[in-house]
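Report on the structure
What follows is the residue order along each chain.
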Amino acid sequence: MIKENLEEVERNICAACARSGRKREEVRLISVSKTKPVSMLEEAYAAGSRDFGENKPQELKEKYGQLPDDIRWHMIGHLQRNKIKYIIDKACMIHSVDSERLAEAISQEAGKIGIVMPVLVEVNIAREESKFGVYAEDTAKFIEKIARLPHIHVEGLMTIAPFVEVAEENRVFFQKLRKLYVDIKRKNIDNVSMCSLSMGMTGDYQVAIEEGATMVRVGTGIFGARNYNLT
Ligand SMILES: *Cc1c(COP(=O)(O)O)cnc(C)c1O
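These figures come from a predicted structure and were not determined experimentally.

Before going further, it helps to spend a moment on the environment of Val134. Along the chain, the position of Val134 falls in the loop between β5 (117-122) and α6 (136-146). Here the alpha-carbon distance between Val134 and Gln206, two residues 72 residues apart in the chain, equals 24 Å. Not counting residues up to four positions away in its chain, the partners in contact with Val134 are Asp98, Val121, Glu122, Val123, Asn124, Thr139 and Phe142.

As structure tokens, this is what we get:
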């Protein structure tokens, strides 16, 4: 089933790229495997997935140890400072930087092992009370501040759009995030590259691609619904 799901997602990505005059290689599919057992990740791996997204540091760490080492692990969930240590040597990117204190702590942990961690800044583009992330109007200043940290490299923006029944409703938010991304890119801030735009989930990744996403994070569409009661 996972193989068929991946094929369908792949077809949808190709169609969205075609509609918007983009190349398939411009968009990376991240298979969001949170709460799912290792056996299912192995199935996705066998079908070609090499980018996996997890939102809990300990879970990422455990799965990392059980799966092939050519997988790129993306930390996509809200991160507490005391848990950075679990993933600092395992994640290829942290998508959810939303405070100076967190950015400082990531830089410090990365420094300890002599690496520079690629990060995205999470933007609460729809200003939802329930969501993490910096507001759009604060994002450029925030990036200017954290860009000075020696062991992180800001590579772009991430957002979790509102939960909607109709994906079209989120188009305006994807457009807003894209505009913010372009505006910040134009500032040419030192140590900031603005090359990744992580937006779009199962319900709306096709719209996100049409509006410029370079990474889409798809969970349910690949692995099926999550049952939180079992975890
Ligand atoms: C769970 C999650 C996803 C995937 O959500 P689906 O709707 O299942 O595709 C994407 N991004 C983040 C940050 C998540 O926590």
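Here the narrative resumes, following the displayed structure.
Now for the pairing of strand β7 (residues 192-198). Each regular strand shows side chains that alternate between the opposite faces of the sheet. In terms of residue burial, β7 counts as a mostly covered element, since 5 of its 7 residues are buried. As paired elements, strand β6 (residues 152-158) and β7 share 4 bridges and run parallel to each other. Among the inter-strand pairings, Met158 is bridged to a residue of β7, identified as Ser198. Handedness of the crossover joining β6 and β7 through helix α7 (residues 171-186): right-handed.

Moving on, we come to the site of the ligand. Taken together, the residues surrounding the ligand are Val32, Lys34, Ile76, Ile160, Met201, Thr202, Arg217, Val218, Gly219, Thr220 and Arg226. A distance of 2.6 Å separates an oxygen atom of the ligand from a polar side-chain atom of Lys34. Note that a nitrogen atom of the ligand is positioned 2.8 Å from one of the side-chain N or O atoms of Arg217. Relative to its unbound accessible area of 390 Å², the ligand is 90% covered by the protein chains.

Thresholds applied
Residues numbered from 1 in each chain as written. Predicted model: local features only at pLDDT ≥ 70, side-chain atom pairs only at ≥ 80, totals over all residues. Heavy atoms only, no water. Helix = DSSP H or I, 4+ residues; strand = E, 2+ residues; numbered from the N terminus. Contact = heavy atoms within 4.5 Å. Buried < 20%, exposed > 50% of the residue type's maximum accessible area, 1.4 Å probe, protein only. Pairing = 2+ DSSP bridges. Right-handed = clockwise from strand over helix to strand, strands pointing away. Near = heavy atom within 4 Å. Polar contact = N/O pair within 3.5 Å; in protein donor to acceptor, adjacent residues only side chain to side chain. Areas by Shrake-Rupley, 256 points an atom, 1.4 Å probe, with all protein chains shown as cover.

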